[in-house]
Amino acid sequence: MQDTGKNIIIAGVGGQGILLFSNLLSKFYIKLGYELKISDVIGLGQRGGGVESHFRYSTKPVLSPFIKAGDVDYVISFEQTETLRFLHTLKEDGVIFTGTYELSSTSVNTRLQKDLPESKTEIIKRSKNKTFIIDPNEHKSDEFNINKMMNVVMLGYYAEFRGYSHDTMIQIVRESVPEKFVEGNIKAYNKGAAIAQAELVTA
């Protein structure tokens, strides 16, 4: 069956490469001939502020870039508080992709309010939606810093989950990042695809 389009929320905090992830994914869908609408919302502070991208692709013209709660097919998140913030936006059969990075809010750090009493990972796991969690500590590499390149690792994971062409995606990565970072990004992408291959076999 042809994929007629999906609604995706990409979320995290400043400094995690959310906009690069969105940019790479947009180039891929444009190559496939889809119509796109993307709206990026960047929080206060270049690093640590919330960043979200409403990402819609379709075989038909997309009239609005914004996605209503309950209409999201995929939440792709790089920070766990942001993951929790968007759980309610998913469709019943929506899917969560998330890392384990957690940035405590300023109010928690200054003890103005208490953080959640249990692990955010455990709360996310209890979601009724299908959930895939990548813990960078379980997949460290001597070839690149996985914590700094989770955006491209997640891209590889997502592409494998969707059954996309890795050759096409890698070529987009090669064309889109500065030359001195190409090799590391390709290794990060392949790492994400390999993690997905291993986990999807046992899912």
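Everything below is about the structure shown above.
Since we're looking at a predicted model, the values are computed, not measured.

Asker: I'd like a description of the overall build of the chain, backed by residues and values.
Answerer: When helices and strands are counted, the chain shows seven helices and six strands. Beginning at the N terminus, the succession of helices and strands in the chain can be written as β-α-β-β-β-α-β-α-α-β-α-α-α. Expressed as a percentage of its 203 residues, the buried residues of the chain come to 46%. For the chain, restricting intrachain contacts to residue pairs at least 6 apart in sequence, the fraction spanning at least 24 positions comes to 63%. Carbon and sulfur atoms make up 49% of the accessible area of the chain, which amounts to about 10900 Å² in all.

Asker: So what's going on with the packing of aromatic side chains? Residues and values would help.
Answerer: One pass over the structure, following the stated rule, counts 18 aromatic pairs. Both rings, one in Phe 21 and one in Phe 78, keep their centres 5.6 Å apart while their planes meet at 70°; by these two values the pair is edge-to-face. Of the two residues, Phe 21 is situated in helix α1 (residues 18–31) and Phe 78 in the loop between β4 (72–77) and α2 (80–86); the sequence distance between them amounts to 57 residues. Under the relative-accessibility criterion, Phe 78 is labelled buried at 4%. An angle of 75° between the planes, with centres 4.8 Å apart, marks the rings of Tyr 34 and Tyr 57 as edge-to-face. Of the two residues, Tyr 34 sits in the loop between α1 and β2 (35–42) while Tyr 57 sits in strand β3 (residues 50–58), which places them 23 residues apart along the sequence. The exposure classification of Tyr 34 matches that of Tyr 57, with both residues buried.

Asker: Now, about helix α6 (residues 166–176): what can you tell me, with residues and values included?
Answerer: Each α-helix winds once per 3.6 residues, and so residues spaced three or four apart point in a common direction. Within α6 the residues assigned to the buried category are Met 169, Ile 170, Ile 172 and Val 173. Seen from one end, α6 has its buried residues packed into an arc of 155°, which puts them on one side. In α6, the exposed positions that point more than 90 degrees away from the buried face belong to Asp 167 and Glu 175.

Cut-off values and rules
Residues numbered from 1 in each chain as written. Predicted model: local features only at pLDDT ≥ 70, side-chain atom pairs only at ≥ 80, totals over all residues. Heavy atoms only, no water. Helix = DSSP H or I, 4+ residues; strand = E, 2+ residues; numbered from the N terminus. Buried < 20%, exposed > 50% of the residue type's maximum accessible area, 1.4 Å probe, protein only. Contact = heavy atoms within 4.5 Å. Areas by Shrake-Rupley, 256 points an atom, 1.4 Å probe, with all protein chains shown as cover. Phe/Tyr/Trp six-rings, centres within 6.5 Å; stacked < 30°, edge-to-face > 60°. Arc of directions from axis to C-beta.

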